[in-house]
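# Coordinate analysis (summary)
Here is what each chain is made of, one letter per residue.
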Amino acid sequence: MEIRLEPKKTAEVESDALIVVGFEGAPPGVGAGEAVKELYDSGEFSGKALEIAILHRPAGMKAKRLVLAGGGKREKFDTAELRKLAGAAFRALKGKGVRSMTLALGDGWQSDDFAAAAVEGAILGDVENDRYKTDPKKDEKRVASFSLLGGSQAALDRGRILAEAQNFSRDLANEPANVLTPLLLADRAKQMAAEYGLECEVLDQDRMRQLGMGALLGVAQGSAEPPALIVIRYKPAGGSKSSDHLGLVGKGVTFDTGGISIKPSEGMEKMRYDMSGGAAVLGAMRAIAQIKPQVPVTALVPTVENMPGSKAQRPGDIVKSLSGKTVEVLNTDAEGRLILIDALTYAQQIGCTHLVDAATLTGAIVVALGTVNVGAFTNNEAFLEKLLAAAKAEGEKTWQLPMDEEYKELLKSNFADLHNIGGRSGGSITAAWFIRDFVGETPWIHLDIAGTAWLDEGKPYMAKGATGVGLRTFVRLAESWNAV
Ligand code: BES
Ligand code: ZN
Ligand code: ZN
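A brief look at the structure comes next. This structure is a prediction, so every number in the text was calculated from the model and none was measured. (Residues numbered from 1 in each chain as written. Chains lettered and ligands numbered in written order. Predicted model: local features only at pLDDT ≥ 70, side-chain atom pairs only at ≥ 80, totals over all residues. Heavy atoms only, no water.)

## Thoughts on the overall build of the chain
We count it as follows: Secondary structure elements follow DSSP: runs of H or I no shorter than four residues count as helices, runs of E no shorter than two count as strands, and numbering proceeds from the N terminus. Three labels apply to residues, based on accessible area from a 1.4 Å probe with only protein chains included: buried if under 20% of the type maximum, exposed if over 50%, partly exposed otherwise in between. In what follows, residue pairs with any heavy atoms lying within 4.5 Å of each other are defined as contacts. For the accessible areas, the method is Shrake-Rupley and the probe is 1.4 Å, while residue cover comes only from the protein chains on display. Note on charges: Lys and Arg go in the positive column, Asp and Glu in the negative column, and His and the chain ends are not counted at all. Each charge is placed at NZ for Lys, CZ for Arg, CG for Asp and CD for Glu.
Along the backbone of the chain there are 14 helices and 20 strands. C-alpha atoms of the chain, sized along the principal axes, occupy 80 × 50 × 40 Å. Residue burial in the chain is summarised as follows: out of 484 residues, 57% are buried. Long-range pairs, those at least 24 residues apart, make up 78% of the contacts in the chain between residues at least 6 apart in sequence. Surface exposure of the chain reaches about 19,800 Å², of which carbon and sulfur atoms provide 49%. Separation between the mean location of the 56 positive side-chain charges and that of the 62 negative ones in the chain comes to 3 Å.

Here it is, written out as structure tokens:
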């Protein structure tokens with residue numbers, strides 16, 4: 001799909017559809033005034049968020065259709081609302097065979113952030129997740145162009161880079177686990193890195209054994225699919241001003257059966273998205289390579305398949321992590337934290353000074369925050385403040401959970417340094433504490449994305465399946481690094 005700026009005035013736009021935002025009680029001030037007024041007066045369109053109304057052959061305009069898109073309450077309208085609205089309008093029109101669209105940015109929201117958000121909404125809305133359907137008409141439904149009336153080329157480019165990266169992530173997370181094995185994920189990562197000029201190194205099982213990544217390897221041993229640790233490096237041209245080095249670590253479990261502590265079969269098919277954290281980190285690197293922030297960023301994705309094969313680790317097994325600490329594995333389904341600790345220790349060993357991990361880590365975070373907010377945990381409040389500001393600017397709702405020392409007590413093991421589960425209550429917090437125990441004093445943030453990385457039902461602005469959450473926050477965090 002072509003994305004471009006439309007230099008014309010609304011009346012001159014020749015698209016199949018000109019999209020304008022109408023707010024509650026405030027019709028848009030474009031042409032076709034009478035018809036628009038009638039839509040509002042009749043109540044057919046009231047401006048409620050994500051509402052869509054279509055006028056054909058609007059008087060005095062060259063566009064084939066004038067599309068009113070509901071922006072909700074004007075005072076609440078922000079970039080997140082526009083992103084969703086652009087996606088919803090895009091999806092509604094695409095379904096009707098519209099091939100070219102132009103969205104008019106209204107007065108007061110012409111800034112780069114709004115323009116980028118509109119482009120993102122459209123590109124994110126363009127994903128159908130129907131690769132495995134053999135529908136011959138698929139290509140006929142493609143939109144040829146999406147244009148913006150207002151905004152700058154730079155904003156449009158940024159929006160395109162971010163949304164295409166997010167779609168890359170979503171695509172990885174949507175892939176079934178028979179297709180996307182750990183080694184295939186590593187191949188896709190290598191391909192992406194080569195395409196965008198990033199350094200990529202993949203540590204194989206032997207190398208990880210030599211290094212002593214017993215926690216990660218213990219999880220992998222029940223599967224016929226070998227594990228990998230993907231490492232991708234971005235270095236700013238001309239070196240960086242400070243010694244900061246951001247490490248992004250993403251959980252890459254290509255399928256989580258639970259292992260010997262096997263999960264119930266109902267809903268288990270969803271566990272192919274258990275590599276969403278890894279996918280978000282890889283997608284972030286794809287965008288970072290193009291946006292070129294000032295700070296060095298290294299992505300690390302430990303990737304394994306958690307299976308109950310004959311070599312699988314058993315409850316009660318004790319493994320030695322790369323850090324040297326031992327872990328008693330009381331539940332093989334708490335595998336994410338086991339692969340993350342080895343990747344995080346490795347990140348420290350290769351020089352990362354600040355760490356952020358993203359993981360579909362616990363069912364408990366879905367109970368706590370539902371599917372709305374990402375759960376955030378930290379050992380460094382100032383660092384988390386930066387990340388929360390980045391998340392807010394990107395419309396990725398994120399909510400901090402507490403990390404009082406009392407929770408840590410629940411991880412004490414009788415036979416090893418600690419065990420890998422904390423009991424029934426506060427499950428997301430004890431999971432975070434488990435990880436924190438290994439990162440020590442290095443500024444670190446853990447994002448639990450188990451509730452937000454997947455949509456069971458499609459939204460008007462996004463198809464069902466993987467969301468790619470976290471990626472935009474990572475990119476903005478890296479971008480704003482020196483500014484804070
Ligand atoms: N991948 C799951 C967490 C998950 C649950 C992700 C639901 C997405 C949706 C993780 O590996 C897991 O199984 N966690 C266990 C931990 C428990 C055994 C302490 C859980 O949350 O039940
Ligand atoms: Zn699990
Ligand atoms: Zn898992």
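## Some details on the coordination of the zinc ion (ligand 2)
The condition that has to hold: For Na, K and Ca the donor cut-off is 3.2 Å; for every other metal, N, O and S atoms count as donors within 2.8 Å. Water does not enter the count, which can leave sites looking incomplete.
Protein-derived ligands of the zinc ion (ligand 2) are Asp-256 (OD), Asp-333 (O), Asp-333 (OD) and Glu-335 (OE), with the metal-ligand distances lying across 2.0 to 2.2 Å. The distance between the zinc ion (ligand 2) and the zinc ion (ligand 3) comes to 3.2 Å, with Asp-256 serving as a donor to both metals. On the accessibility criterion, Asp-333 (22% relative accessible area) is partly exposed.

## Regarding the pairing of strand 6 (residues 145-149)
Definition in use: Strands qualify as paired when DSSP identifies two bridges or more between them.
In terms of burial, strand 6 is a largely internal element, 5 of the 5 residues being buried. Residues Ser-145, Ser-147 and Leu-149 line one face of strand 6 and the alternating positions Phe-146 and Leu-148 line the opposite face, and both faces are buried. Pairing between strand 1 (residues 2-5) and strand 6: 4 bridges, direction parallel. Following the sheet pairing, Glu-2 is matched in strand 6 by Ser-145. Note: strand 5 (residues 100-104) against strand 6, 5 bridges, orientation parallel.

## Here's the deal with the sheet that holds strand 3 (residues 52-56)
For the record, the criterion: Helix axes are fitted to C-alpha atoms over the stretch in contact, other axes to C-alpha atoms as well, and angles between N-to-C directions run from 0 to 180 degrees.
Read from one edge to the other, the open sheet built from 6 strands follows the order 1-6-5-2-4-3, with strand pairing classed as mixed. The open sheet has two free edges, formed respectively by strand 1 and strand 3, since each of these has just one partner strand. Averaged over all pairs of adjacent strands, the angle between their axes in this sheet comes to 20°, without regard to strand direction. Summarising the sheet, strand 3 and strand 4 (residues 65-70) pair through 5 bridges and their orientation is antiparallel. If you follow Leu-55 over to strand 4, its bridge partner there is Leu-66. Against the sheet, helix 3 (residues 112-125) contacts strand 1, strand 5 and strand 6, and its axis sits at roughly 160° relative to strand 6.

## Some words on the packing of helix 11 (residues 381-393) against helix 14 (residues 471-479)
For the record, the criterion: Here the word oblique covers every angle except those under 35 degrees (roughly parallel), over 145 (roughly antiparallel) and from 65 to 115 (roughly perpendicular). Two helices crossing with the near one rotated counterclockwise from the far one by less than a right angle form a left-handed crossing, whereas a clockwise rotation gives a right-handed crossing. Polarity classes work like this: nonpolar for Ala, Val, Leu, Ile, Met, Phe, Trp, Tyr, Cys and Pro, charged for Asp, Glu, Lys and Arg, and polar for all others, with Gly in that last group.
The N-to-C vectors of helix 11 and helix 14 enclose an angle of 120°; their axes lie 8 Å apart at closest approach. The orientation of helix 11 relative to helix 14 falls into the category oblique. The two elements helix 11 and helix 14 cross, and the hand of that crossing is right-handed. Here Phe-383, Lys-386, Leu-387, Ala-390, Ala-391 and Ala-393 of helix 11 lie close against helix 14, whose contacting residues are Thr-473, Arg-476 and Leu-477. Tallied by class, residues from the contact of helix 11 with helix 14 come to 6 nonpolar, 1 polar and 2 charged.

## Considering the coordination of the zinc ion (ligand 3)
So the rule is basically this: For four-coordinate sites, all angles between 85 and 135 degrees define a tetrahedron; for four- and six-coordinate sites, opposite donors beyond 155 degrees with the remaining angles between 65 and 115 define square planar and octahedral shapes respectively, and all other cases count as irregular.
Note on the zinc ion (ligand 3): its protein donors are Lys-251 (NZ), Asp-256 (OD), Asp-274 (OD) and Glu-335 (OE). The metal-donor distances range over 2.0 to 2.4 Å. Around the zinc ion (ligand 3), the 6 donor atoms are arranged such that angles at the metal cover 77 to 172°; this shape is classified as octahedral.

## Details of the sheet that holds strand 17 (residues 418-419)
The strand order 12-13-17 describes an open sheet built from 3 strands, whose pairing is mixed. Whereas interior strands pair on both sides, the edge strands pair on one side only; in this sheet they are strand 12 (317-320) and strand 17.

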